[in-house]
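# Report on the structure
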Amino acid sequence: MKLEQIAKRFRIDNPNRFCLADHKPGECCGLSVEKAEAKSMLQDGITRLEELQEKLYASDRWSVLIVLQGMDAAGKDSLIKHVMSGVNPQGVEVHSFKQPSAEELQHDFLWRVGKRLPARGRIGIFNRSHYEDVLVVRVHPELLSGAKLPAGLDGRHIWRHRYDDIRSFERHLARSGTLILKFFLNVSHAEQRKRFLDRIELPAKRWKFSMNDVTERKLWRKYMRAYEDAIRETSRPEAPWYVLPADNKWFTRLVAAAALVEALDRLKLEYPRVQGRALAELKKAGKALQAERGGRR
Ligand code: ATP
Ligand code: MG
């Protein structure tokens, strides 16, 4: 199986027909972490990503925005750590979006993400994102009162309006040269329980545990409905969602790397060409260096 095939398999190209129940969190496409094939595919993905990022940076035209969403313990942090392990840290920025601050609540919900968008040539990773405003806020509508919307703008149409605004926002970014990939880390209810128990039992993981995570777990069905709606409403060719099976972390990484490689390949990135006068000057500089005392190396 090729990386490109894996990427396409998990991309939501027909959002109208999207149904979360059709996506298995434990899916591995018949691959096994112990076998050489999966290991070499992941390594291949990471190496190709490294090269593509160099070209992205050097050509300085496109920017890449990766949106990561998922329930607690779905593996967002470790995905960032592993998939980005080969890339130059200078070209990548990660931003984690938490509960909005008092200042952020003084603005529309896209304001804070707008300030963190990647510059040309860079990869920006959003660990949670503007989608929280149609996910956690949808599950907890009481949070809307914190958003200080004027009366009449917080009615029942608000979710439809937010999806519409997100689609327009992302289309605008795409038209301005941002490649957008959105990853939903689809972890199962049972696997989340296991990971929470690990966090409680293992001293090195305890700091990651929060009582709030258990409260939110009780609202699992509501969250899944909110995710399903958000993916259906906002997966578009210019900003597709990928539903990553997240019960096996090695497979989540493989699909994420595959999706990035496939999407970046489509940009046909090239190193800037040095031509004409610039090339002549370069050659002149080369000659001068060669003529330095000591001659050729
Ligand atoms: P981890 O638990 O893996 O360290 P995390 O992303 O869950 O990472 P936390 O600090 O635990 O980080 O939680 C951030 C919380 O902020 C999440 O519960 C998330 O739902 C919440 N949040 C993010 N954006 C918003 C928003 N716009 N409105 C309300 N809550 C939000
Ligand atoms: Mg958390």
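Above this text you will find the structure in question.
This is a predicted model, so every value here is computed, not measured. (Residues numbered from 1 in each chain as written. Chains lettered and ligands numbered in written order. Predicted model: local features only at pLDDT ≥ 70, side-chain atom pairs only at ≥ 80, totals over all residues. Heavy atoms only, no water.)

Right, let's talk about the overall build of the protein for a bit. A count of helices and strands for the protein gives 11 helices and 5 strands. Overall size of the protein, expressed as C-alpha extent along the three principal axes, is 75 × 50 × 40 Å. Counting across all 297 residues of the protein, residues that qualify as buried make up 46%. Expressed as a percentage of contacts within the protein between residues at least 6 apart in sequence, the contacts between residues at least 24 apart total 82%. On the protein, roughly 16,800 Å² of surface is accessible, and the fraction owed to carbon and sulfur atoms is 51%. Across the protein, the centroid of the 55 positively charged side chains sits 2 Å from that of the 39 negatively charged ones. (Helix = DSSP H or I, 4+ residues; strand = E, 2+ residues; numbered from the N terminus. Buried < 20%, exposed > 50% of the residue type's maximum accessible area, 1.4 Å probe, protein only. Contact = heavy atoms within 4.5 Å. Areas by Shrake-Rupley, 256 points an atom, 1.4 Å probe, with all protein chains shown as cover. Lys, Arg positive; Asp, Glu negative; His and termini not counted. Charge placed at Lys NZ, Arg CZ, Asp CG, Glu CD.)

Turning our attention to the packing of helix α6 (residues 158-175) against helix α9 (residues 220-234). Look at α6 against α9: their axes get within 9 Å of each other, and the N-to-C directions meet at 45 degrees. Overall, the two elements α6 and α9 adopt an arrangement that is oblique. Crossing of α6 over α9 shows right-handed handedness. Residues Y163, I166, R167 and E170 of α6 form the contact with α9, whose participating residues are D229, A230, E233 and T234. Per-class residue counts for the contact of α6 with α9 are 3 nonpolar, 1 polar and 4 charged. (Axes fitted to C-alpha atoms, helices over the stretch in contact; angles between N-to-C directions. Parallel < 35°, antiparallel > 145°, perpendicular 65-115°, else oblique. Left-handed = near helix turned anticlockwise from the far one by under 90°. Nonpolar A, V, L, I, M, F, W, Y, C, P; charged D, E, K, R; others polar.)

This paragraph deals with helix α11 (residues 276-290). End to end, α11 covers 21 Å across 15 residues, agreeing with the expected 21 Å (1.5 Å per residue, within 8%). Counting buried positions over the 15 residues of α11 gives 0, only a small fraction of the element. (Expected span 1.5 Å × (residues − 1).)

Under the defined criterion, the tally for this structure stands at 7 aromatic pairs. Between F10 and F251, the aromatic rings sit 5.9 Å apart at their centres with planes inclined by 80 degrees, giving edge-to-face as the arrangement. In this pair, F10 is assigned in the loop between α1 (3-9) and α2 (36-59) and F251 in helix α10 (residues 249-266), connecting sequence segments 241 residues apart. There is no split in this pair, since F10 and F251 are both buried. A network of ring pairs unites the aromatic residues F10, W250 and F251 as a single cluster. Positioned above the aromatic ring of F109, the side-chain terminus of R162 is 4.6 Å from the ring centre. (Phe/Tyr/Trp six-rings, centres within 6.5 Å; stacked < 30°, edge-to-face > 60°. Lys NZ or Arg CZ within 6 Å of the ring centre and 35° of its normal.)

On to the pattern of salt bridges. According to the stated counting rule, one finds 19 salt bridges in the structure shown. The salt bridge involving R11 is made with D13; its shortest N-O contact spans 2.8 Å. Here D13 falls in the partly exposed class, since its relative accessible area comes to 45%. Residue R48 is joined to D44 by a salt bridge in which the shortest nitrogen-to-oxygen separation is 3.7 Å. With R48 and D44 both in helix α2, this residue pair falls 4 residues apart, about one helical turn. One salt-bridge network, in which partners are shared between bridges, spans E4, D44, R48 and D265. (Salt bridge = Lys/Arg side-chain N within 4 Å of Asp/Glu carboxyl O.)

Take the layout of surface pockets next. What the second largest pocket holds in volume is close to 180 Å³. Around the second largest pocket, the lining comprises 15 residues; the ones closest to its centre are L179, P237, E238, P240 and R266. Secondary-structure elements contributing two or more residues to the lining of the second largest pocket are β4 (178-186) and α10. Looking at the lining of the second largest pocket, the element that brings in the most residues is β4, giving 4 residues. Looking at the lining of the second largest pocket residue by residue, the class counts come to 10 nonpolar, 1 polar and 4 charged. (1 Å grid on protein atoms, 1.4 Å probe; cavity = no way out; pocket = protein on both sides within 12 Å on 5 of 7 lines; lining within 4 Å. Points joined across faces, edges and corners; volume = space filled by probe spheres on them.)

Turning next to the site of ligand 1. D72, K98, R112, R128 and E132 are the nearest of the 13 residues found near ligand 1. Between ligand 1 and E132, the relevant distance is 2.7 Å, taken from an oxygen atom to a side-chain nitrogen or oxygen of the residue. Of the residues assigned to the shell around ligand 1, the class counts are 5 nonpolar, 1 polar and 7 charged. (Near = heavy atom within 4 Å. Polar contact = N/O pair within 3.5 Å; in protein donor to acceptor, adjacent residues only side chain to side chain.)

With parallel pairing, the 5 strands of this open sheet are ordered in space as β2-β3-β1-β4-β5. Every other strand in the sheet has two partners, leaving β2 (92-96) and β5 (241-245) as the edge strands with one partner each. Each strand axis lies, on average, 20 degrees off the axis of its neighbour in the sheet, ignoring direction. By the bridge criterion, 8 bridges tie strand β1 (residues 63-70) to β4 in an arrangement that is parallel. Residue G70 lies in a different strand from β4, and its bridge partner there is L185. (Pairing = 2+ DSSP bridges.)

Fair warning: the whole summary comes from geometry, so function is off the table for now.
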